[in-house]
Amino acid sequence: MENGARPMSGTLGKYNIVGGLENEFNVCFVQNRTLGLTEWQATSPLMKFLPGFMLQLTLIMALSRLLMTILKPIRQPRFVSEILAGVLLGPTLMHGTEWLALYIHPFDKTLLLETMGSLGVTFYMFLAGLEMDLTPIRKMEKTAYSVAIVGIILPGCGGMILYHLVRNDRKDAPKEGGIFWAITLSITSLPDLAQILSKLKLLSTDLGKTAMTSAVLTDLVSWILLAATVAVVNGQGDYLRIVPTLIFVLVCWGSLLRVSHRVMWRASHVRSFHVRTDDTQRRVGTKIMDKIEEFVAGILLPPVFLVAGLRTNIVYISAGYQYGLVATVIIVASLIKILSTLLVCTCLKFSFRDSLALGVLMNTKGVIAIIVLHEGRNLKGFDQQTFTWMVVSILIMACLVGPVVSFTHKSTRHLKQHHRMNLERSKPESELRVLACLHSSKNLSGLINLLHLSNATRKSPIVVFAVYLVELTGRASALLIFHDKSETNDLSAHPTREIARAFESLQNENRAVTVHPLTAVSPYATMHEDVSNFAVDKNVAVILLPYHKKPNGIGGWEDQNLEHKKVSQNLLASAPCSIGILVDRGLTRHLPLESQHDRIRNIRIAMLFVEGSDDREALTYSWRMAGNPRVTLTVVRFVPGKELLESVADDDPETLSAMFENEKEKLLDDDYINEFRFRTMHNQSITYMEKPVNGGDQIVSTITSAHNDYDLYIVGRGYDRQSPLTTGLSDWIEFPEIGLIGDTLVSVDSLMSASVLVMQQSTPVAALIDTSVSQNSISSASNKGLFSDQRNA
């Protein structure tokens, strides 16, 4: 067939087709029926149609899974695999293969397929509404609001203009098609966007939050426009048809919402505890999602993609139209939402990298776009070719999101990783940004009281991101939920609000502390990635973690949750900033009340310094705490004893090698200690002493005999160091997460009432570990970020 010629009517097996590529065509065939003498059919229709449907469902599911495996390395979402599988099983691949059309997709057996597809659409829209939270709309900032509005108007107008070009080429094209094109190009698929951001670990970033907030408004407006359009088209242009639809929505909103609130309220009281109604609804919604989401996505939605594929014929994509028009429509439709977002971001003076990433994210298309096209096709809004153009455009849009955003995200992360944050390199009197992680409310008291001691002042305030870590179960996308103050006023015992209220009390007691409570819902296997990415995005200097073990009451320790241990281990191995692990054994009872300053003793803190970057980090945090008027700090540095020095003089190969490897660290340690002593020489609350030791056993004996009466010990982890000073300790270490000295402190019976804070400085980037960096670090030691000795007013 030559280009431009429209396919004529023809015969395919027993089917006589008239107008195959029109927006409406007829198929005639002979069908045998068994009739009974009653109003009931003699045989069940399912007996005839169900086997064919099961074959179609099996094929679309199998091909989708195969394409998912193939396309996963190039970061393509599930939607691309599913819609591509539908296209490949449709007339695009079956063109010229008569037996496929006759036995896999016969015309007389498509009714059940389309019925199941409609059922899938119904369930999907229900889940989309269940998952949609309109709260962000009330808190939208200028950026998100601008991106959403312009992202609706410009693509919508673009879709109308593109369809006008089609009508100029084809005078018989239905005018209603332009509206459906406009909605398709304007929409942003919120569920698919959430999954992409979750996989790329961008949900917690400003980019992710802006995209999600804008998508909520965009989705809401698009659904309203679609409902209004369908009502008007069904009413043959009667705009009054919108009124009954509007009345129905308002009745449902007013009556059903009240009924659901009453049901939730009763359900919460039946369980004998007080829970806010909206929280009960969230939990019920989550349970519903957990029960049916996989069934809807895995069983009910594949027929939707297969129907879309059957309506798409890329072989005849330009039949009856000019190639230039087809290319123009597909290219402009694929890029117009990206360009509109770039325009807004340019006016708001965003960087090109962020603008491009946000534009591509807002151009995310998914099942919702296919639903809009199906509605347009059902209402005869466009023919098979124009339907195909939009399907191809949607495929292009969906394919761009993963690779483009992954490139901008990964490159940005790579640049940020070269500037790893820690306390030692922080500027003097600068803001300290802390990420406090909690697995349960049991971790509250220790971390909050540690922050109480951290000496927040007006010159050096503390910003705390309090993250409640929750395991992700039964969902496909991780979540990051920020809590505002209005959500924490309820007296419910729900852990989220209990944690948020506790940290807000910390903020109220000290105006130099700013708290941002949030909940991170993520699988344990990738939870450390979410925490690390959030730390990078917020320029956090230190992550505070609770120790995953708890005392068992008989002098030993027991695991609270082995998954918590794995999260801590993963963070220790890959965190972009420093980490502090708090072993809380009663730090709370030692803290003074503000009204009892004259009657309660000071908090006694001991910093045990061996060597290395982790110990310098621990000293930096201790130095900051020493600015608190209720804290007395004792710094004990362990130095080589006489016997150890003699072993070096006798050329003991093992000891000599270890001493030589640690020489550079020793230079940094000496420089840092000297500066610390110089700046604190007149501070009566700080004591410095050096203890000669010849091995790990003498460190233990020194701690147990002379330094066993402190409330809090602060040490460096230094787990992988090879130091003659700690010889022998590694032979019986039980808790490697807290290092050699930390393990010693929690294992000694005489120190059972003392809490321990173990510090690890940010893991160095391999690209930065070279001689020049080491020399620069030594020469610039006087410019290191040190906390000056300050007192709270």
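For the structure itself, look to the data block above.
Report follows, based on the coordinates. A quick note: this is a predicted structure, and the numbers were derived from the prediction, not measured. (Residues numbered from 1 in each chain as written. Predicted model: local features only at pLDDT ≥ 70, side-chain atom pairs only at ≥ 80, totals over all residues. Heavy atoms only, no water.)

Brief notes about the overall build of the chain
Item 1. Counting its secondary structure elements, the chain contains 29 helices and 16 strands.
Item 2. In the chain, which comprises 793 residues, the proportion classed as buried is 51%.
Item 3. Here the contacts in the chain between residues at least 6 apart in sequence split such that 80% fall between residues at least 24 apart.
Item 4. Carbon and sulfur atoms form 59% of the exposed surface of the chain, whose accessible area is close to 37400 Å². (Helix = DSSP H or I, 4+ residues; strand = E, 2+ residues; numbered from the N terminus. Buried < 20%, exposed > 50% of the residue type's maximum accessible area, 1.4 Å probe, protein only. Contact = heavy atoms within 4.5 Å. Areas by Shrake-Rupley, 256 points an atom, 1.4 Å probe, with all protein chains shown as cover.)

Regarding helix α20 (residues 527-537)
Item 1. Burial of α20 is extensive: ten of the eleven residues sit out of reach of the surface.
Item 2. Taken together, the buried positions of α20 are occupied by Met 527, His 528, Asp 530, Val 531, Ser 532, Asn 533, Phe 534, Ala 535, Val 536 and Asp 537.
Item 3. Two residues or fewer past α20, Asn 539 is found with a positive phi of approximately 55°.

What to know about the packing of helix α9 (residues 190-199) against helix α10 (residues 206-234)
Item 1. Two numbers describe how α9 lies on α10: the axes approach to 10 Å, and their chain directions differ by 170°. It follows from the interaxial angle that α9 and α10 lie roughly antiparallel. The segment α9 lies against α10, with Leu 190, Pro 191, Leu 193, Ala 194 and Leu 197 engaging Gly 208, Ala 211, Met 212, Ala 215, Val 216 and Asp 219.
Item 2. For the contact of α9 with α10, the class distribution of residues is nine nonpolar, one polar and one charged. (Axes fitted to C-alpha atoms, helices over the stretch in contact; angles between N-to-C directions. Parallel < 35°, antiparallel > 145°, perpendicular 65-115°, else oblique. Nonpolar A, V, L, I, M, F, W, Y, C, P; charged D, E, K, R; others polar.)

Structural notes on the pattern of salt bridges
Should the charged atoms of two oppositely charged side chains come close, the side chains can pair.
Item 1. Following the criterion strictly, the structure yields 13 salt bridges and no others.
Item 2. As a salt-bridge pair, Arg 616 and Asp 669 come within 2.7 Å of each other at their nearest N and O atoms. Taken together, the positions of Arg 616 in helix α23 (residues 613-625) and Asp 669 in helix α26 (residues 663-679) put the pair 53 residues apart, joining distant regions of the chain. Take Arg 616 and Asp 669: they sit in the same class, and that class is buried.
Item 3. Connected through salt bridges with shared partners, the residues Glu 424, Arg 616, Glu 665 and Asp 669 form a single ionic network. (Salt bridge = Lys/Arg side-chain N within 4 Å of Asp/Glu carboxyl O.)

Quick look at a nonpolar patch on the surface
Item 1. A cluster of nonpolar side chains, namely Leu 240, Val 243, Ile 247 and Val 251, defines an oily patch on the protein surface of about 370 Å² accessible area.
Item 2. In this structure, Ile 247 sits in helix α11 (residues 242-270). (Patch = residues over 30% accessible without salt bridge, like charges linked within 9 Å, V, L, I, M, F, W, Y side chains within 5 Å.)

Some words on the packing of aromatic side chains
Item 1. Considering all chains together, one arrives at ten aromatic pairs under this definition.
Item 2. Measuring from centroid to centroid gives 5.1 Å for Tyr 163 and Trp 181, while their planes differ by 80°, and the two rings are edge-to-face. With a gap of 18 residues between them, Tyr 163 in helix α7 (residues 142-169) and Trp 181 in helix α8 (residues 177-186) connect regions that are remote in the sequence. For the pair formed by Tyr 163 and Trp 181, the shared burial category is buried. (Phe/Tyr/Trp six-rings, centres within 6.5 Å; stacked < 30°, edge-to-face > 60°.)

Focus: helix α18 (residues 444-452)
Item 1. Within α18, seven of the nine residues are buried, leaving the element largely enclosed by the surrounding structure.
Item 2. Three or more residues of α18 are buried, namely Leu 444, Gly 446, Leu 447, Ile 448, Asn 449, Leu 450 and Leu 451.

Here we look at the nonpolar core
Item 1. Core analysis: the largest hydrophobic core is formed by 76 residues, its most contacted members being Phe 79, Ile 83, Trp 181, Leu 361 and Trp 389.
Item 2. Ranked by residues supplied to this core, first place goes to helix α17 (residues 384-417) with eleven residues.
Item 3. Not counting the four nearest positions on each side in its chain, Phe 79 is found in contact with Asp 192, Phe 305, Lys 365, Gly 366, Val 367, Ile 370, Ile 394 and Ala 398.
Item 4. By size, the runner-up hydrophobic cluster in this structure holds 52 residues, among which are Cys 437, Leu 572, Tyr 710 and Val 748. (Core = buried A, V, L, I, M, F, W, Y, C linked by side-chain atoms within 4.5 Å.)

Description of unusual backbone geometry
Item 1. A positive phi is found at Arg 75, a non-glycine position, where the angle reads about 60°.
Item 2. Residue placement: Arg 75 occurs in the loop between α1 (45-71) and α2 (78-88).
Item 3. The backbone of Lys 380 shows a phi angle near 60°, a positive value even though the residue is not glycine.
Item 4. Relative to the helices and strands, Lys 380 is located in the loop between α16 (367-378) and α17.
Item 5. The exposure class assigned to Lys 380 is partly exposed, which follows from its relative accessible area of 38%.

Quick word on the side chain of Ser 186
Item 1. Assignment of secondary structure puts Ser 186 in helix α8.
Item 2. Look at Ser 186 and you get buried, because its relative accessible area is 5%.
Item 3. In this structure the side chain of Ser 186 is engaged in a polar contact, spanning 3.1 Å, whose partner is the backbone oxygen of Ile 152.
Item 4. Aside from chain neighbours lying at most four places away, what touches Ser 186 is Gly 151, Ile 152, Pro 155, Gly 156, Thr 218, Ser 222 and Lys 337. (Polar contact = N/O pair within 3.5 Å; in protein donor to acceptor, adjacent residues only side chain to side chain.)

Overview of the pairing of strand β11 (residues 578-583)
Item 1. Along β11, six of the six residues are buried, which leaves the element largely enclosed by surrounding structure.
Item 2. Residues of β11 alternate between two faces, with Ser 578, Gly 580 and Leu 582 on one and Ile 579, Ile 581 and Val 583 on the opposite face, all of them buried.
Item 3. The sheet contact formed by strand β8 (residues 542-546) and β11 spans five bridges and is parallel. Residue pairing across strands places Val 542 opposite Ser 578, the latter belonging to β11.
Item 4. Where β11 lies against strand β16 (residues 755-760), five bridges are found, and the strand directions are antiparallel. Residue pairing in the sheet places Leu 582 in a bridge with Leu 757 of β16. (Pairing = 2+ DSSP bridges.)

Considering the pairing of strand β5 (residues 462-471)
Item 1. For β5, a buried count of eight out of ten residues is recorded, marking the element as mostly surrounded by other parts of the structure.
Item 2. One ladder, built from seven bridges, connects strand β4 (residues 432-438) with β5; its direction is parallel. Residue pairing for β5: Leu 432 is matched across the bridge by Ile 462.
Item 3. What joins β4 to β5 is α18, and the crossover it makes is right-handed.
Item 4. Strand direction decides the pairing type here: β5 and strand β7 (residues 513-522), joined by ten bridges, are parallel. (Right-handed = clockwise from strand over helix to strand, strands pointing away.)

Concerning the environment of Leu 66
Item 1. Within the secondary structure, Leu 66 is located in helix α1.
Item 2. For Leu 66 and Ala 85, which are 19 residues apart along the polypeptide, the C-alpha to C-alpha distance reads 9.1 Å.

Quick look at the packing of helix α5 (residues 110-131) against helix α13 (residues 302-310)
Item 1. Where α5 contacts α13, the axes come no closer than 8 Å and their chain directions differ by 125°. Between α5 and α13, the angle falls in the class oblique. Like other packed secondary-structure pairs, α5 and α13 cross with a definite hand, here left-handed. Taken together, the residues of α13 that come into contact with α5 (itself represented by Leu 113, Glu 114, Met 116, Gly 117 and Val 121) are Pro 303, Val 304, Leu 306, Val 307 and Leu 310.
Item 2. Across the contact of α5 with α13, the residue classes tally to eight nonpolar, one polar and one charged. (Left-handed = near helix turned anticlockwise from the far one by under 90°.)

Let's talk about the side chain of Lys 538
Item 1. One can find Lys 538 in the loop between α20 and β8.
Item 2. Exposure remark for Lys 538: the relative accessible area of 12% places this residue in the buried category.
Item 3. A polar contact is formed between the side chain of Lys 538 and the side chain of Asp 206, at a distance of 3.3 Å.
Item 4. Sequence-distant contacts of Lys 538, that is, excluding residues within four places in its chain, are made with Ser 204, Asp 206, Lys 209, Arg 433 and Phe 465.

Quick word on the environment of Leu 300
Item 1. By the secondary structure assignment, Leu 300 is in helix α12 (residues 277-300).
Item 2. The exposure class of Leu 300 is buried, given its relative accessible area of 3%.
Item 3. In the structure, Leu 300 is positioned 180 residues away from Gly 120 in sequence and 4.4 Å away in space, judged by C-alpha atoms.
Item 4. The residues contacting Leu 300, other than those within four sequence positions of it, are Met 116, Leu 119, Gly 120, Phe 123 and Phe 295.

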